[in-house]
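Summary of structural features
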Amino acid sequence: MKMEINLQEWLVQLQEEKAEIEAKIKGAEEHQKIVKTKYDIARKAQGRLPNNGDKKDEFYKKYIKDLDEELDRLSENGPSIKDKNSREVRYLEILIAEVEASIGQLNT
């Protein structure tokens, strides 16, 4: 009985860890969409400015530059982080299935 309880507790921990990683993946995807939307809106607003003077450059520096840099960073690092987290989720799914199977065998 103690073995089953320990395995059940471990199973819960693994499921929680998997859920956290999945939430992290979803959160990163949503964050990238938000940054992209803000960037697109700011670019559209910049396009409405008159072409004379440094107004467009000032606007870029004030409202777009940071978003542009963040999008670049997300584009560079995002895929590798997502791949790593997706692999971890897959590993946890396999481990969870084995723990569940082992618990089932203890009950037979």
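Here's what I pulled together on the structure shown here.

Cut-offs and rules
- Residues numbered from 1 in each chain as written.
- Predicted model: local features only at pLDDT ≥ 70, side-chain atom pairs only at ≥ 80, totals over all residues.
- Heavy atoms only, no water.
- Helix = DSSP H or I, 4+ residues; strand = E, 2+ residues; numbered from the N terminus.
- Rg over C-alpha atoms; globule rule 2.2 N^0.38 Å.
- Buried < 20%, exposed > 50% of the residue type's maximum accessible area, 1.4 Å probe, protein only.
- Contact = heavy atoms within 4.5 Å.
- Areas by Shrake-Rupley, 256 points an atom, 1.4 Å probe, with all protein chains shown as cover.
- Phe/Tyr/Trp six-rings, centres within 6.5 Å; stacked < 30°, edge-to-face > 60°.
- Core = buried A, V, L, I, M, F, W, Y, C linked by side-chain atoms within 4.5 Å.

In terms of regular secondary structure, the chain is built from two helices and zero strands. Its C-alpha atoms give the chain a radius of gyration of 23 Å, more than 25% over the compact-globule value 13 Å for 108 residues. The principal-axis extent of the C-alpha atoms belonging to the chain is close to 80 × 20 × 15 Å. Looking at the chain as a whole, 21% of its 108 residues qualify as buried. In the chain, once contacts between residues fewer than 6 apart in sequence are set aside, the share between residues at least 24 apart is 78%. For the chain, the accessible area works out to roughly 8300 Å², and carbon and sulfur atoms hold 52% of it.

This structure, assessed with the given rule, holds one aromatic pair. When the ring of F59 is compared with that of Y63, the centres are 4.9 Å apart and the planes differ by 45 degrees; the resulting orientation is tilted. Here F59 pairs with Y63, and both are found in helix α2 (residues 55-106), just four residues apart, close to one helical turn.

Once that is clear, we can look at the nonpolar core. Counting ten residues, the largest nonpolar core consists of L7, L11, L14, I21, I25, V89, L92, I96, V99 and I103. For this core, the secondary-structure elements that each account for two or more residues are α1 (2-47) and α2. Listed in part, the eight residues of the second largest apolar core include V35, A42, L71 and L74.

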